[in-house]
Amino acid sequence: MTSTKELLQAQLQQWDEWIRTGESSKVKQLCFELNAKTIPRELLVDYGDIARRVGAPELIIRWLRPIVRADKVLTLQPMAQEKALYALGLLRLGAFREASQILEEINVEEDPQVHFYRASLLMNQWDYKKAVPELRKYVRHPKVPRYMQLVGGLNLCASLVCLRNL
């Protein structure tokens, strides 16, 4: 018998494949149809990451707000990844101040992706000079996967070009 968690993990893998093959709009529609209350907390970050990839920051906020900005005290406090992804959702919706506050609270050793999100926040505010050190830390961090180091490197190059630092 297949558990709900196994079915959801298989769904995540299918959606990842569809995104990789150019069917992001299909996945985005399915995300909006999803009842997030049926998703176990340990998979919410993975679903939030899918929402990030298909350009649905409002879903990230909807799904992670009850954890990151809980109205009541939770048994398990928000994890770094939950807070970081929530902050990215805020950033993408233009709530820079709140996103910045949340990102500053997170220990980057818990989630090195925070360096990239901080840099993204700064780049969205045209502050490439402050984004460069965050991007350098990100691309050099040993826990960052190779592909994401390349993404960070491209953003670093773009920031340096904007600063005319060739």
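Residues numbered from 1 in each chain as written. Predicted model: local features only at pLDDT ≥ 70, side-chain atom pairs only at ≥ 80, totals over all residues. Heavy atoms only, no water.

**Q** Give me the nonpolar core: which residues, what numbers.
**A** Trp15, Val27, Tyr47, Trp63 and Leu64 are the most contacted members of the largest nonpolar core, which has 53 residues in total. Element by element, the count of residues in this core is highest for helix H5 (residues 80–92), at eight residues. With residues near it in sequence (within four places) discarded, Tyr47 still touches Leu8, Gln11, Leu12, Trp15, Leu34, Ile39 and Trp63. (Core = buried A, V, L, I, M, F, W, Y, C linked by side-chain atoms within 4.5 Å. Buried < 20%, exposed > 50% of the residue type's maximum accessible area, 1.4 Å probe, protein only. Helix = DSSP H or I, 4+ residues; strand = E, 2+ residues; numbered from the N terminus. Contact = heavy atoms within 4.5 Å.)

**Q** An account of unusual backbone geometry is needed here, citing residue identities and associated values.
**A** In this structure, Trp126 is a non-glycine residue whose phi angle is positive, near 65°. As for its placement among the helices and strands, Trp126 is situated in the loop between helix H7 (113–124) and helix H8 (128–140). On the basis of relative accessible area, Trp126 is assigned to the exposed category, the value being 68%.

**Q** Quick rundown of H7? Include the residues and the values.
**A** Side chains three or four residues apart in an α-helix point the same way, a direct result of the helix having 3.6 residues per turn. Here H7 spans 17 Å end to end across twelve residues, near enough to the 16 Å set by a 1.5 Å rise per residue. Listed in full, the buried residues belonging to H7 are Gln113, Val114, His115, Phe116, Tyr117, Arg118, Ala119, Ser120, Leu121, Leu122 and Met123. Buried residues in H7 make contact with helix H3 (41–53), H5, helix H6 (96–105), H8 and helix H9 (146–162). Looking one or two residues past H7, Trp126 carries a phi angle of roughly 65°, positive in sign. (Expected span 1.5 Å × (residues − 1).)

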